[in-house]
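Tertiary structure, described
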Amino acid sequence: MLLMPSRVKHRKDQRGRRHGMTKGGAMLTYGSYGLKAEENCWMTGRQIEAMRVTITRSLKKGGKLWIRLFPQKPVSAKPLETRMGKGKGAPAYWVAVVKRGRILVEVDGVARDTARESLRQAGYKLPIRTRVIERMSLEELR
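For the structure given in this document, a descriptive report is provided here.

Cut-offs used in this document
Residues numbered from 1 in each chain as written. Predicted model: local features only at pLDDT ≥ 70, side-chain atom pairs only at ≥ 80, totals over all residues. Heavy atoms only, no water. Pairing = 2+ DSSP bridges. Helix = DSSP H or I, 4+ residues; strand = E, 2+ residues; numbered from the N terminus. Axes fitted to C-alpha atoms, helices over the stretch in contact; angles between N-to-C directions. Contact = heavy atoms within 4.5 Å. Phe/Tyr/Trp six-rings, centres within 6.5 Å; stacked < 30°, edge-to-face > 60°. Buried < 20%, exposed > 50% of the residue type's maximum accessible area, 1.4 Å probe, protein only. Lys NZ or Arg CZ within 6 Å of the ring centre and 35° of its normal. Parallel < 35°, antiparallel > 145°, perpendicular 65-115°, else oblique. Left-handed = near helix turned anticlockwise from the far one by under 90°. Nonpolar A, V, L, I, M, F, W, Y, C, P; charged D, E, K, R; others polar.

So, the sheet that holds strand 3 (residues 64–67)
Across the sheet, which stays open at both edges, the four strands sit in the order 3-6-1-7 with antiparallel pairing between neighbours. The strands lining the two open edges of the sheet, one partner per strand, are strand 3 and strand 7 (130–134). Between one strand axis and the next, the sheet turns by 20 degrees as a mean value, whatever way the strands run. Where strand 1 (residues 33–37) and strand 6 (residues 103–108) come together, four bridges link them in antiparallel fashion. Bridged to L35 within strand 6 is V105. Running at roughly 170 degrees to strand 3, helix 1 (residues 45–59) makes contact with strand 1, strand 3 and strand 6 of the sheet. Along the sheet face, helix 2 (residues 112–124) touches strand 1, strand 6 and strand 7 and points at about 25 degrees away from the line of strand 1.

Here you go:
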């Protein structure tokens, strides 16, 4: 199942800027453990799916998973061996714009070691450096 929007307002987007910190989505909202982006990138639908499969396999039946990003930016590409000019290429694939500090996925309902290990394995599937983070309880903050 490849992630992509069902319909969009504009078929072709401009590239935009790929630097800076995330504007939102930098704190754990749903689960107790999360995977945080340490770099900026465009994450393709295939990479997000590979991360999801890795986490669900390692969690087995237990636990709950929240994916906190969605590929909604089209990336266009010209066909191979095409001469220059003749306009912009057709949309080839979809990406999610990931900025530094963004929470990519969250996990809950499993043991600490299991959650950390599954998120660490999922980080290997991604094109950027990531960090496993966990929610602090009130006792730990004191």
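Anyway, onward from the coordinates.
Notes on the packing of aromatic side chains
For the coordinates displayed, the defined rule picks out one aromatic pair. Ring centres of Y30 and W66 lie 5.7 Å apart, and the angle between their planes is 15 degrees; on these two criteria the pair is classed as stacked. Note that Y30 is positioned in the segment before strand 1 and W66 in strand 3, a separation of 36 residues in sequence. W66 gets classed as partly exposed once you look at its relative accessible area, which sits at 21%. Sitting over the face of the ring of W42, R18 holds its NZ or CZ atom 4.1 Å from the ring centroid.

Details of the packing of helix 1 against helix 2
At a minimum axis distance of 8 Å, the contact between helix 1 and helix 2 shows a crossing angle of 155 degrees. Between helix 1 and helix 2, the angle falls in the class roughly antiparallel. The crossing of helix 1 and helix 2 is right-handed. Packed against helix 1, whose contacting residues are M51, T54, I55, S58 and L59, the element helix 2 presents T114, S118, L119, Q121 and A122 at the interface. Split into classes, the residues belonging to the contact of helix 1 with helix 2 amount to five nonpolar, five polar and no charged.

Notes on the sheet that holds strand 4 (residues 73–77)
If you trace the three strands from one edge of the open sheet to the other, you get 2-5-4, paired in antiparallel fashion. Each of the sheet's edge strands pairs with one partner strand only, and the pair in question is strand 2 (41–44) and strand 4. If you compare each strand with its neighbour and ignore which way they point, the axes differ by 50 degrees on average. Relative to strand 5 (residues 90–98), strand 4 runs antiparallel, the two being bridged by five bridges. Bridge pairing in strand 5 places V75 opposite Y93. Helix 1 contacts strand 2 and strand 5 of the sheet and is inclined by roughly 70 degrees relative to strand 2.

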